[in-house]
Amino acid sequence: MSEVTMNEKQSGYAKENANSATPTNYENSLENVTSNQAHGDNSRATTNTAEHVLDLTGKMDKKKVICKDPLVVGTSTKRGEDAEVRDTWANKVEFILACIGNVVGLGNMWRFPYLCYKSGGGAFLIPYFIMLIVCGIPLLYMELAVGQYTRQGPIGAMHKICPLFKGTGLATVIMSFLLSTYYNVIIAWALYYLINSFMDPLPWEGCNNDWNSELCWNGTKFNSSQDQEESNKTSAPQEFYDNHLLQMTKGIENFGTMRWELLGCLAVAWILVYFCLWKGIKSSGKVVYVTATLPYLFIGAFIVRALTLPGSELGLVYFFSPKWETLLEAKVWVNAAAQNFNSIGIAFGSLMAFSSYNRFDNRLMRDTLIISLTDAVTCILAGICVFGTLGNLAFEQGKSVDEVVSSGPGLVFVAYPAALSKMPFPQVWSVIFFSMLLCLGIDSQFATVEVIITSIKDAYGRWIRLHLKRHEVLVLLVCFVSFICGLPNVMQGGIYFFTLIDYYAAAISLMYIAFFEVVAIVWVYGANRLARNVRDMTGELPNYYIRGCWMVAAPCLIMAIWIFSLADYEAPTYNKGQYIFPGWSIGMGWAISCLSLLAIPILAVIAIVKAKGNNIVQKLKASIKSPIRECPCCGKMLNKQHEAHHGTAANNPDNEICLEQLTSD
């Protein structure tokens, strides 16, 4: 039988069954249509299920039924095997807390305050919130909508949106894997400091330890006659970090030996991540009740303490004093947009993976606003906390805030421990601080690992069920491989490798991936089509402002940031430029970047080669067409507006079209 004949027959069955379908017999009608699809097209056999189905009015049926998804991988149902039911969040609170835990991480503590200070102080908040409204919120809404509608992680979702740009999903997963290998090292450091916080006195307070050098300085206030001599010395917390925690070598050329204490902490960190994820969202959904909320108690305690410290006003003045002239600098606006991308997690894949476990009718706008605004407020609270403490540190040492301010690991593992040691009951405050870092880090880490696990299950779900049998085994394998790949970071020269991979794994490739992701979704798949997908799920179209940002503002801003970052590129250094990486290590860094950068063109070529067509033009046209022909939730055929449950799609079955009509649309 020809393909056209089969499609016509299939369309006839769909119309006949839809005509007879009612809210009570719709399930049987759907099973008949799905059965005909399975016999007519081997590549689209029904395999996956969800725990609910939309009735013909577009509202959730109170009766819990199984909703077939004919677009997910495998052919298990044809072989008489049970289809797998996709997990869903137990409630909306778990989803929102998981997303907040993902976006609120260590970057809020160590990146935003420093970036705000360097980019105009209080004036930086203006471009930051403008970029949040123009770019951050619309793109967060876009990613949540794509994940919820396709019910897939980044790779599967981007394949459904546009096969030509499936590589953006793979690039996201590669970037997330690289990030997971070294981000957990920071959690290992936090664990090490947390353990040492129970010692009296704190080990980073004095200069009488085995790891201290003759240049160690214990943080006492300078006398004016000593300024020149003391300025060449190293603080006790810095020597604890360099000589005891890291035991760092002179350069990346000498990796030294394994730091066994850090290896043990890294293993514990991965065990924690494993038990957060081992039952899927059933376990992570419960963990976030603690890890996503507890840091706010700690931040609140630190703000109260920081504001009561002598000299705290010095830091707050540096943080909030506006430098209006900086608003005329392009770099400030680029920094504001980049901070939104890094903090919210656009193009990292975590939010898309989390939203794929939502109920199909979940309303997204409120979720988007809660997540994005919580992240923005947390950034400001973290800035108050950090600069209030640094102001006290500058006051105690007789320095200016300029001399003690820092970002990244230097802030949380050097400057902050120095400040903690000067507080009353320093052990208590140290335990609170590093417990907060642990919660912030664990949330972001298991969200990153979830991207990898979701993508693997989407692509190889049947193989996993046949060979690994249990979800827990897959999680164990992913965690173990990431643990092994992260071992170079806990060697004595590991800090240099950590600096390289941190710079090249995400900083270089993030905007590149984000640009092609947005192009694929809003220009190729279509912003208006995505808007109708949202209406099919929620009954409401996104407003014109959101769609305008999707189509114009977001792609242009991402392109500008990407071009500016390439033009402003400088090879990474360590310790404020004191260590210059050799050329071969910079080449290694670019090779790390290429792991994700090359995924997009390579998979694009593969998609074109595999596409149907007699020449390259036909193949290219075929490769950019979305394969979505039915509702990903229930399998009901889409109409000409690419909707299955709204308006004419729900009430007029004659509006349904067959496959060859849809692909030629």
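Quick look at the structure, then.

What counts, and at which threshold
Residues numbered from 1 in each chain as written. Predicted model: local features only at pLDDT ≥ 70, side-chain atom pairs only at ≥ 80, totals over all residues. Heavy atoms only, no water. Helix = DSSP H or I, 4+ residues; strand = E, 2+ residues; numbered from the N terminus. Buried < 20%, exposed > 50% of the residue type's maximum accessible area, 1.4 Å probe, protein only. Contact = heavy atoms within 4.5 Å. Areas by Shrake-Rupley, 256 points an atom, 1.4 Å probe, with all protein chains shown as cover. Axes fitted to C-alpha atoms, helices over the stretch in contact; angles between N-to-C directions. Left-handed = near helix turned anticlockwise from the far one by under 90°. Nonpolar A, V, L, I, M, F, W, Y, C, P; charged D, E, K, R; others polar. Expected span 1.5 Å × (residues − 1). Phe/Tyr/Trp six-rings, centres within 6.5 Å; stacked < 30°, edge-to-face > 60°. Lys NZ or Arg CZ within 6 Å of the ring centre and 35° of its normal. Salt bridge = Lys/Arg side-chain N within 4 Å of Asp/Glu carboxyl O. Patch = residues over 30% accessible without salt bridge, like charges linked within 9 Å, V, L, I, M, F, W, Y side chains within 5 Å. Parallel < 35°, antiparallel > 145°, perpendicular 65-115°, else oblique. Core = buried A, V, L, I, M, F, W, Y, C linked by side-chain atoms within 4.5 Å. Disulfide = S-S within 2.5 Å. 1 Å grid on protein atoms, 1.4 Å probe; cavity = no way out; pocket = protein on both sides within 12 Å on 5 of 7 lines; lining within 4 Å. Points joined across faces, edges and corners; volume = space filled by probe spheres on them.

The helix and strand inventory of the protein chain stands at 29 helices and seven strands. Counting over 665 residues, the protein chain shows a buried share of 58%. Relative to all contacts within the protein chain whose residues are 6 or more apart in sequence, the contacts with residues 24 or more apart total 79%. If you sum the accessible surface of the protein chain, you get close to 26600 Å²; carbon and sulfur atoms cover 61% of it.

Following both chains from N to C, one finds helix α6 (residues 125-150) and helix α17 (residues 365-397) inclined at 145°, their axes separated by 10 Å at the closest point. Relative to α17, α6 is oriented so that their crossing is right-handed. On α17, the residues that touch Leu125, Tyr128, Phe129, Leu132, Ile137, Leu140, Tyr141 and Leu144 of α6 are Met365, Thr368, Leu369, Ile371, Ser372, Leu373, Asp375, Ala376, Cys379 and Ile380. Tallied by class, the residues present in the contact of α6 with α17 amount to 15 nonpolar, two polar and one charged.

Right, let's get into the environment of Phe112. Considering the arrangement of structural elements, one finds Phe112 in helix α5 (residues 112-118). The class of Phe112 is buried, set by a relative accessible area of 0%. Distance from Phe112 to Ala382, taken between C-alpha atoms, is 8.2 Å for residues 270 residues apart in sequence. Setting aside residues no more than four positions away along its own chain, Phe112 makes contact with Gly107, Phe124, Leu125, Tyr128, Phe319, Gln339, Cys379 and Ile380.

Attention now goes to helix α15 (residues 330-344). Its 15 residues give α15 an end-to-end C-alpha distance of 21 Å, which sits within 8% of 21 Å, the value for a rise of 1.5 Å per residue. With eleven of its 15 residues buried, α15 lies for the most part within the structure. For α15, every residue scored as buried is listed here: Val332, Val334, Asn335, Ala336, Ala337, Ala338, Gln339, Asn340, Phe341, Ser343 and Ile344. Just past α15, the residue Gly345 takes up positive phi, approximately 95°.

This paragraph deals with the packing of aromatic side chains. Taken as a whole and judged by the stated rule, the model has 50 aromatic pairs. Their ring planes at 35° and their centres at 5.9 Å tell us that Tyr149 and Phe360 sit as a pair that is tilted. You can see Tyr149 sitting in helix α6 and its partner Phe360 sitting in the loop between α16 (350-355) and α17, a full 211 residues away along the chain. Here Tyr149 and Phe360 have matching classes, each one buried. Look at Phe516 and Trp562: their rings are 6.3 Å apart centre to centre, the planes differ by 70°, and that puts the pair in the edge-to-face class. Linking Phe516 in helix α23 (residues 510-538) with Trp562 in helix α24 (residues 544-567), this pair joins segments that are 46 residues apart in sequence. For the pair shown, Phe516 and Trp562 are each scored as buried. Over the ring of Trp278 we find Lys279, and its NZ or CZ is 4.9 Å from the ring centre.

Before going further, it helps to examine the pattern of salt bridges. The final tally for this structure, using the stated rule, is nine salt bridges. Where Asp568 meets Lys331, a salt bridge forms, and the shortest distance between an N and an O atom there is 3.5 Å. In this pair, Asp568 sits in the loop between α24 and β6 (573-574) while Lys331 sits in helix α15, placing the two residues 237 residues apart along the sequence. On the basis of relative accessibility, which here comes to 42%, the residue Lys331 falls in the partly exposed class. Here Glu540 and Arg363 are joined by a salt bridge, their closest N and O atoms 3.5 Å apart.

With that out of the way, let us pick up a nonpolar patch on the surface. A grouping of Trp523, Val524, Met551, Val552, Leu620 and Ile624 is seen on the molecular surface, where their side chains present a nonpolar patch of about 480 Å² in accessible area. Among the elements of the structure, α23 and α24 are those that each provide at least two residues to the nonpolar patch. Inspection of the secondary structure assignment puts Leu620 in helix α27 (residues 616-623). For Leu620, a relative accessible area of 39% corresponds to the partly exposed category.

Within the secondary structure, Ala269 is located in helix α11 (residues 260-277). Taking the relative accessible area as the measure of exposure, Ala269 reaches 0% and is therefore buried. Placed 82 residues apart in sequence, Ala269 and Ile187 show a C-alpha to C-alpha distance of 6.4 Å. Setting aside residues no more than four positions away along its own chain, Ala269 makes contact with Asn184, Ile187, Ala188, Leu191 and Ile442.

A few words now on the packing of helix α8 (residues 166-196) against helix α20 (residues 426-468). The contact between α8 and α20 brings their axes to 9 Å, and the two run at 160°. With respect to their mutual orientation, α8 and α20 come out roughly antiparallel. The hand of the α8/α20 crossing is left-handed. Class assignment for the residues of the contact of α8 with α20 results in 18 nonpolar, nine polar and no charged.

Counting residues in each nonpolar core, the largest one holds 194 residues, and the members touching the most others are Leu139, Trp189, Tyr241, Phe341, Phe413, Phe433 and Phe434. Sequence-distant contacts of Trp189, that is, excluding residues within four places in its chain, are made with Tyr241, Leu245, Leu246, Leu262, Pro409, Phe413, Ile495 and Phe498.

Moving on, we come to the state of the cysteines. Using the criterion set out here, one finds one disulfide in the structure. Cys207 shares a disulfide with Cys216; S-S distance 2.1 Å. A torsion of -75° about the S-S bond marks the disulfide between Cys207 and Cys216 as left-handed. For Cys207, a relative accessible area of 24% puts it in the partly exposed group. When its relative accessible area of 10% is taken as the criterion, Cys216 is described as buried. Cysteine Cys276 shares no disulfide, and the gap to the nearest cysteine sulfur, in Cys479, comes to 9.5 Å.

This part is about empty space enclosed by the protein. Enumeration according to the criterion identifies four cavities of 30 Å³ or more in this entry. Lining the second largest cavity we find Ile100, Gly101, Val104, Thr291, Ala292, Pro295, Tyr296, Leu440 and Asp443. Mapped by element, the contributors of at least two residues to the lining of the second largest cavity are α3 (92-103), α13 (294-307) and α20.

To continue, consider unusual backbone geometry. Each neighbour pair has its own omega, and for Asp200 with Pro201 the value is 0°, a cis peptide bond. Mapped onto the elements, Pro201 comes out in the loop between α8 and β4 (216-217). Unlike most non-glycine residues, Ala347 shows phi in positive territory, near 75°. Here Ala347 is to be found in the loop between α15 and α16. A positive phi angle, close to 50°, is found at Phe425, a residue other than glycine. One can find Phe425 in the loop between α19 (409-420) and α20. Residue Phe425 is classed as exposed on the basis of its relative accessible area of 65%.

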